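What the coordinates show
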Amino acid sequence: MKAPVIAIVVPCYNEEQVLPVSIPSLLSALDSMVTDNLIAPESYLMCCDDGSKDSTWNQINRYHQMDSRVKGLRFSNNRGQQFALLAGLLNVVDHCDAAITIDADLQDDVGAMHRMVEKFRIGTEIVYGVRHGRESDSWFKRNTARGFYSLQRNLGLETVYDHADFRLMSRNAIKLLSQYGEQNLFLRGIVPLLGLTSDTVEYDRKERCAGSSKYSIRRMLGFSIDGITSFSSRPIRMILTVGVLLLLLDIAMTIYVFISYMGNNVIPGWTSLMLSVWFLGSLILISLGIVGEYIGKIFVEVKNRPRYIIKEYLID
């Protein structure tokens, strides 16, 4: 097989401290794979600036002047990592045989890209980078991540366990991905739906090479909710199931109250009344919130606004 052209897509948001480390490291990884005749010398980086507020774009521009293999695009405002990944993939699809997406912080193992390309060269169209373990995570993050993956499976969402957005996709896979036009983008759920031949590569996740994480607990929770509500209607069905169960409980309570009334055994119960009101009130609010999530997504989708606006390119 002829050595393929590989594009490494790197989403960046306020990564001025990281890029002086990550860009040279990624270029070195390209050089190593070219030396091994694994990829073509025309392989390159595509850095996608997600509307950064610091000097991230200036850093990308500087490296582009130093090495033409460093290319870039810049959003007019912040749209989120998923859109930065998508924009990068759609802009390289006609200029590569496959693309690898990796975060700028280099917590994902650069060395694993070598094995990804090897699997691609034997016909695998999607190669997922999967964490070997989560020993480096805090107890809270480790257990919440496991709970999130379990919840996804229980709600019918097909994802790869312990996989984030470190993956290789062939040109064919990216073109199929481009046909998905939703605004509520969750690539970890969309990519498995493509149904192409896939494999995994295990690696040990590292600490950030510099800077701080852009994913707060609030953003991680929002990302999790987006992933579930974008791919599964099961939460709404669960509301219906709970409603039916409560109806049966209400019928049983009605019979109990009627028997108590007939036997003159009715004692006013403030505690039980208040507990019932609070329980049902909370259930109603939770149900409305879940339904509201879906209505909100419909609202966003029907407006059909541009998913992102690219302000500048560094392609030449």
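Attention here is on the structure that accompanies the text. (Residues numbered from 1 in each chain as written. Predicted model: local features only at pLDDT ≥ 70, side-chain atom pairs only at ≥ 80, totals over all residues. Heavy atoms only, no water.)

Points about the environment of Glu207
- As for its placement among the helices and strands, Glu207 is situated in the loop between strand 7 (198–203) and helix 8 (217–231).
- Looking at Glu207, the relative accessible area reads 57%, which means it is exposed.
- As for Glu207 and Gln107, which are separated by 100 residues in sequence, their C-alpha atoms are 5.6 Å apart. (Helix = DSSP H or I, 4+ residues; strand = E, 2+ residues; numbered from the N terminus. Buried < 20%, exposed > 50% of the residue type's maximum accessible area, 1.4 Å probe, protein only.)

Some points on the packing of aromatic side chains
- Enumeration over the complete set of coordinates arrives at 2 aromatic pairs.
- Taking 5.1 Å as the distance between ring centres and 10° as the angle between the ring planes, the aromatic pair formed by Phe75 and Tyr308 counts as stacked. Separated by 233 residues along the polypeptide, Phe75 in strand 3 (residues 70–75) and Tyr308 in the loop between helix 10 (270–303) and strand 8 (310–314) bring together distant segments of the chain. Summarising the burial analysis for this pair, Phe75 and Tyr308 share the class buried. (Phe/Tyr/Trp six-rings, centres within 6.5 Å; stacked < 30°, edge-to-face > 60°.)

Quick look at the pairing of strand 5 (residues 126–131)
- In terms of residue burial, strand 5 counts as a mostly covered element, since 6 of its 6 residues are buried.
- Judged by which residues are buried, strand 5 turns out to be covered on both faces: Ile126, Tyr128 and Val130 on one side and Val127, Gly129 and Arg131 on the other are all buried.
- Summarising the sheet, strand 5 and strand 6 (residues 163–170) pair through 4 bridges and their orientation is antiparallel. The residue of strand 6 that forms the bridge with Val130 is His163. (Pairing = 2+ DSSP bridges.)

Overview of helix 4 (residues 112–121)
- Inspection of helix 4 places Ala112, Met113, Met116, Val117 and Phe120 among the buried residues, and these make up the whole buried set. The buried residues of helix 4 occupy one face: seen down the axis, they fall within an arc of 140°.
- Looking at the buried side of helix 4, the elements it contacts are strand 1 (6–12), helix 1 (19–35), strand 4 (98–101), strand 5, strand 6 and strand 7. (Arc of directions from axis to C-beta. Contact = heavy atoms within 4.5 Å.)

Here we look at helix 3 (residues 81–92)
- Spanning 12 residues, helix 3 covers 17 Å between terminal C-alpha atoms, matching the ideal 16 Å at 1.5 Å per step.
- Across the 12 residues that make up helix 3, a large majority, 10, are buried.
- For helix 3, every residue scored as buried is listed here: Gln81, Gln82, Phe83, Ala84, Leu85, Leu86, Ala87, Gly88, Leu89 and Val92. (Expected span 1.5 Å × (residues − 1).)

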